[in-house]
Amino acid sequence: MYGNINEEDVTEEETKDEHRKEITEDGDTQDGVASEIETCASGIGLQAADSAEPRGISDARVIWPLYLAHTLSAWGDRMWKFSVGLFLVVLSPGSLRLTASYGFTNGMCVLLFAALIGDWVDKTPRMKVVKVSLFTNNFTICINALVVLVLLVYPEHLTAAAAGDDVLVTLCEVLVILIAVVSSLATVATQISLERDWVVVIAGGNKSKLANVNAWMRRIDLTTNILAPVVVGQLMTFTSSATTCIFISCWNVVSAVAEYWLLWRMYRECPQLALKSLRKSQTHGESQSLAAYLVSLATRVIYCLY
């Protein structure tokens, strides 16, 4: 009897021990699964955080060509915009007729055609916009400076060629104003393309990076606004107006090649710039766009008049 009781007790104890082991193993398995789930969740969270924060282009090797190209472009534009007014005063001493005509024509053309230029920039590939606007801007300034040089150095020859009439001189003055307006419109296209399109792509949706790039572009603009007129003034003071025309003309030829090479290099090193959804309107959309543009144009003209 006592032996049977002991055998039953031993059997019950062994059963309890096996049950405890099974519970312990199940608990270890659950703990392992829980730790694996936590590890996967943390990994997914890190990936989501990385994807939620756009990185943009952080390599300075890619960004510095944009800053240098913008510096060259802004410097040439500021030199010409400051000097063309002085050249027109020299061409018509004692009168501000040419300067006032240039300012009015330039302002009205930019006011009327800036929207069309922006629309063209939206519908055209980035590198084509840069190529057209850069070379148009720089070479129109170069040609204009040479025309001003002819007016400064050979005014008597132009008058003699017109049999004592000033018709050739007047035509050259009108040509200077018109070419200067074309140069200003090309500058608008370059600014829209680089400052409103390229910079946004480079930032890649990163707001802090976009603010930083825009800040550096603004610093370049302000610096060239201050220093370029000083350099032009010193050139005209210590040399002559003709020498200044030659310097500006040569500067813009060299600058055009350098700017294009820098932007082309940046375009190759930044594949995002090659991706652009060109906005193509249908006939109905184009008619609506034209109507909206005409309304906007009429509003601007009325605002200028009043």
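Residues numbered from 1 in each chain as written. Predicted model: local features only at pLDDT ≥ 70, side-chain atom pairs only at ≥ 80, totals over all residues. Heavy atoms only, no water.

1. Some remarks on the overall build of the protein chain
At step 1: A count of helical and extended segments in the protein chain gives nine helices and zero strands.
At step 2: In the protein chain, the succession of helices and strands from N to C terminus is α-α-α-α-α-α-α-α-α.
At step 3: Across the 306 residues of the protein chain, 34% fall into the buried class.
At step 4: With an accessible surface of roughly 18,200 Å², the protein chain has 65% of that area assigned to carbon and sulfur atoms. (Helix = DSSP H or I, 4+ residues; strand = E, 2+ residues; numbered from the N terminus. Buried < 20%, exposed > 50% of the residue type's maximum accessible area, 1.4 Å probe, protein only. Areas by Shrake-Rupley, 256 points an atom, 1.4 Å probe, with all protein chains shown as cover.)

2. Considering the pattern of salt bridges
As a working rule, side chains carrying opposite charge can pair if their charged atoms are close by.
At step 1: Using the criterion set out here, one finds seven salt bridges in the structure.
At step 2: Linking Asp119 and Lys123 is a salt bridge whose minimum nitrogen-to-oxygen distance equals 3.2 Å. Taken as a pair, Asp119 and Lys123 lie in helix H3 (residues 97–123) at a separation of four residues, close to a single helical turn.
At step 3: With a closest N to O distance of 2.9 Å, Asp197 and Arg126 form a salt bridge. Residue Asp197 is located in helix H6 (residues 167–203), and its partner Arg126 is located in helix H4 (residues 126–153); the two are separated by 71 residues in the primary sequence. (Salt bridge = Lys/Arg side-chain N within 4 Å of Asp/Glu carboxyl O.)

3. As for the packing of aromatic side chains
At step 1: In this structure the tally under the stated criterion is seven aromatic pairs.
At step 2: Arranged with centres 6.3 Å apart and planes meeting at 50°, the rings of Trp80 and Phe87 form a pair that is tilted.
At step 3: A relative accessible area of 2% means that Trp80 is categorised as buried.
At step 4: Here the aromatic rings of Trp198 and Tyr267 are separated by 6.3 Å at their centres, their planes lie at 40°, and the arrangement is tilted. One end of the pair, Trp198, is in helix H6; the other, Tyr267, is in helix H8 (residues 241–269), and 69 residues separate them in sequence. (Phe/Tyr/Trp six-rings, centres within 6.5 Å; stacked < 30°, edge-to-face > 60°.)

4. What about empty space enclosed by the protein?
At step 1: One pass over the full model with this rule turns up two cavities of 30 Å³ or more.
At step 2: Taken as a whole, the largest cavity holds about 90 Å³ of empty space.
At step 3: Taken together, the elements giving at least two residues each to the lining of the largest cavity come down to helix H2 (60–91) and H6.
At step 4: Classifying every residue of the lining of the largest cavity by side-chain character gives two nonpolar, five polar and four charged.
At step 5: By volume, the second largest cavity is sized at about 40 Å³.
At step 6: Looking at the second largest cavity, the residues that line it are Asp77, Trp80, Lys81, Asn137, Ile141, Ala180, Ser183, Ser184 and Thr187.
At step 7: It is H6 that provides the largest number of residues to the lining of the second largest cavity, a total of four residues.
At step 8: Among the residues making up the lining of the second largest cavity, the classes are represented as three nonpolar, four polar and two charged. (1 Å grid on protein atoms, 1.4 Å probe; cavity = no way out; pocket = protein on both sides within 12 Å on 5 of 7 lines; lining within 4 Å. Points joined across faces, edges and corners; volume = space filled by probe spheres on them. Nonpolar A, V, L, I, M, F, W, Y, C, P; charged D, E, K, R; others polar.)

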